[in-house]
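Commentary on secondary and tertiary structure
Here's the letter readout for the chains.
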Amino acid sequence: MKFFVDTADVAAIKELNDLGMVDGVTTNPSLILKSGRDILEVTKEICDMVSGPVSAEVVATEAADMIAEGLKLAKIASNIAIKVPLTWAGLTACKAFASEGHMVNVTLCFSAAQAILAAKAGATFISPFIGRLDDINLDGVQLIEDIRTIYDNYGFKTEILAASIRSVNHITDVARIGADVITAPPSVIKAMANHPLTDKGLEQFLKDWAKTGQKIV
Ligand code: E4P
């Protein structure tokens, strides 16, 4: 399973990347706003640091304008994945980008039907937003399962990038199903290391070690 980090915070990406935890990065307009940085500058900085795909999102709503924006974003670095929304215009732009050999991440996917269209339009990645489905009492993890079944039925090569991840359980749930990639905020990725029994066990070991009076170094 590949780990993408869902942020435009360069320091947070660096910390995880130095540990080998980063296979790619996803950004979106809200994350660029949160970073307070210029999209072209911060995306270039991320692309220089991370060797895997870095998603940068278009903001136009018409296909021709999306294509112009996407081509500009693709010039930032060879590891840019152009991110387009799952609209008819976005699918049109996806097809155009894919035909020219660009990586494309089709985002804002909320149904299996949408995911089929993205695969047929040549998407490199499909991003189903599981947390936002859970927010409205629908089952985000079930959507990943449905898309996995459908893509496998027909041999679609588009990678399932489970997005809008809110918890560690989301990650283990979609890993069990066979999502190809997860993208999660740095805090959720770091939370994967936590377990109360680890903390409790370590506390006991340290207490016992202190009683031995020994030192290792
Ligand atoms: C994915 O590419 C999106 O940037 C992201 O996962 C959206 O997550 P959110 O629903 O927490 O904003």
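The written sequence of each chain sets the order in which its residues are numbered from 1. A pLDDT threshold of at least 70 governs which residues receive local features in this predicted model, and a stricter bar of 80 or more applies before side-chain atom pairs are shown or counted, although totals over entire chains, interfaces and linings include all residues. Note: side-chain values were computed over all heavy atoms of the structure, leaving out hydrogens and water.

Observations concerning the UniProt feature "active site" (unreviewed entry) in the protein
- UniProt positions are given in the numbering used here, feature names are shortened, and annotations may be inferred rather than shown by experiment. As annotated by UniProt and renumbered to match this structure, "active site" (unreviewed entry) occupies Lys83.
- The helix and strand labels rest on DSSP assignments: H or I over at least four residues marks a helix, E over at least two residues marks a strand, and numbering proceeds from the N terminus. By the element assignment, Lys83 lies in strand S4 (residues 80-85).
- Among residues more than four places away in sequence, those in contact with Lys83 are Thr26, Thr27, Asn28, Ser55, Ala56, Glu57, Val58, Asn105 and Thr107. Contact definition: two residues touch when any of their heavy atoms are within 4.5 Å.

Focus on the nonpolar core
- Nonpolar core, defined: a set of buried Ala, Val, Leu, Ile, Met, Phe, Trp, Tyr and Cys residues in which side-chain atoms within 4.5 Å join the residues together. Burial classes follow relative accessibility: with a 1.4 Å probe on protein chains only, a residue under 20% of its type's maximum area counts as buried, one over 50% as exposed, and anything between as partly exposed. Core analysis: the largest hydrophobic core is formed by 59 residues, its most contacted members being Ile46, Val84, Val106 and Ile126.
- Setting aside chain neighbours within four positions, we find Val106 in contact with Val84, Pro85, Leu86, Cys94, Ala118, Ala123, Phe125, Ile126 and Ser127.
- Counting five residues, the second-largest nonpolar core is a separate cluster that includes Phe4, Ala81, Phe125 and Leu161.

Digging into the side chain of His170
- With respect to the helices and strands, His170 occurs in helix H9 (residues 168-177).
- Looking at His170, the relative accessible area reads 8%, which means it is buried.
- In this structure the side chain of His170 is engaged in a polar contact, spanning 2.7 Å, whose partner is the side chain of Asp134. Polar contact is the term for a pair of N or O atoms within 3.5 Å; when the atoms are in protein, one must be able to donate a hydrogen and the other to accept it, and sequence-neighboring residues count only if both atoms are side-chain atoms.

Description of the packing of aromatic side chains
- Ring geometry is summarised as follows: Phe, Tyr and Trp rings, the Trp one being its six-membered ring, pair when their centres sit within 6.5 Å, and such pairs are stacked at plane angles under 30 degrees, edge-to-face over 60 and tilted between the two. Under the counting rule described, the total for this entry stands at four aromatic pairs.
- Both rings, one in Phe110 and one in Phe129, keep their centres 5.6 Å apart while their planes meet at 65°; by these two values the pair is edge-to-face. On the criterion of sequence distance, the pair formed by Phe110 in the loop between strand S5 (103-109) and helix H6 (112-120) and Phe129 in the loop between strand S6 (125-128) and helix H7 (130-135) is long-range, its members being 19 residues apart.
- The exposure class of Phe110 is partly exposed, given its relative accessible area of 32%.
- Between the aromatic rings of Tyr151 and Phe156, the centroid separation amounts to 5.5 Å while the plane-to-plane angle is 75°, which identifies the pairing as edge-to-face.

A short note on the pattern of salt bridges
- A pairing counts as a salt bridge when a side-chain nitrogen of Lys or Arg comes within 4 Å of a carboxyl oxygen of Asp or Glu. Taken as a whole and judged by the stated rule, the model has 12 salt bridges.
- In this structure, the salt-bridge partner of Glu159 is Lys2, at a minimum N-O distance of 2.7 Å. Of this pair, Glu159 sits in strand S7 (residues 159-162) while Lys2 sits in strand S1 (residues 2-6); the two residues are 157 residues apart in sequence, bridging distant segments of the chain.
- Overall, the relative accessible area of 32% leaves Lys2 in the partly exposed class.

Brief notes about the pairing of S1
- When you tally the buried positions in S1, you get four out of five residues, the bulk of the element.
- Paired strands, in this sense, are two strands between which DSSP finds at least two bridges. As paired strands, S1 and strand S8 (residues 181-184) are joined by four bridges and run parallel to one another. The residue of S8 that forms the bridge with Phe3 is Ile182.
- Sheet topology note: the S1/strand S2 (residues 24-26) ladder contains three bridges and is parallel. Residue Val5 lies in a different strand from S2, and its bridge partner there is Val25.
- Regarding topology, helix H1 (residues 10-18) serves as the crossover connection from S1 to the parallel S2, and that connection is right-handed. The crossover handedness rule: strands pointing away from the viewer, path from first strand over the helix to second strand clockwise, crossover right-handed.

Some remarks on the site of the ligand
- Note on definitions. A residue lies near a molecule or strand when any single heavy atom of the residue is within 4 Å of it. All residues in the neighbourhood of the ligand are listed as Asp6, Thr26, Asn28, Lys83, Phe129, Arg132, Ala163, Ser164 and Arg166.
- Lys83 is positioned such that a nitrogen or oxygen atom in its side chain is 2.7 Å from an oxygen atom of the ligand.
- One of the side-chain nitrogen or oxygen atoms of Arg166 is found 3.0 Å away from an oxygen atom of the ligand.
- Only the protein chains shown count as cover for residues, with accessible areas throughout obtained via the Shrake-Rupley method and a probe of 1.4 Å. Summarising the interface, the protein chains cover 86% of the accessible area of the ligand, which totals 340 Å² for the free molecule.
- Of the residues that constitute the shell around the ligand, the class distribution is two nonpolar, three polar and four charged. Charged means Asp, Glu, Lys or Arg here, nonpolar means Ala, Val, Leu, Ile, Met, Phe, Trp, Tyr, Cys or Pro, and polar covers whatever is left, Gly included.

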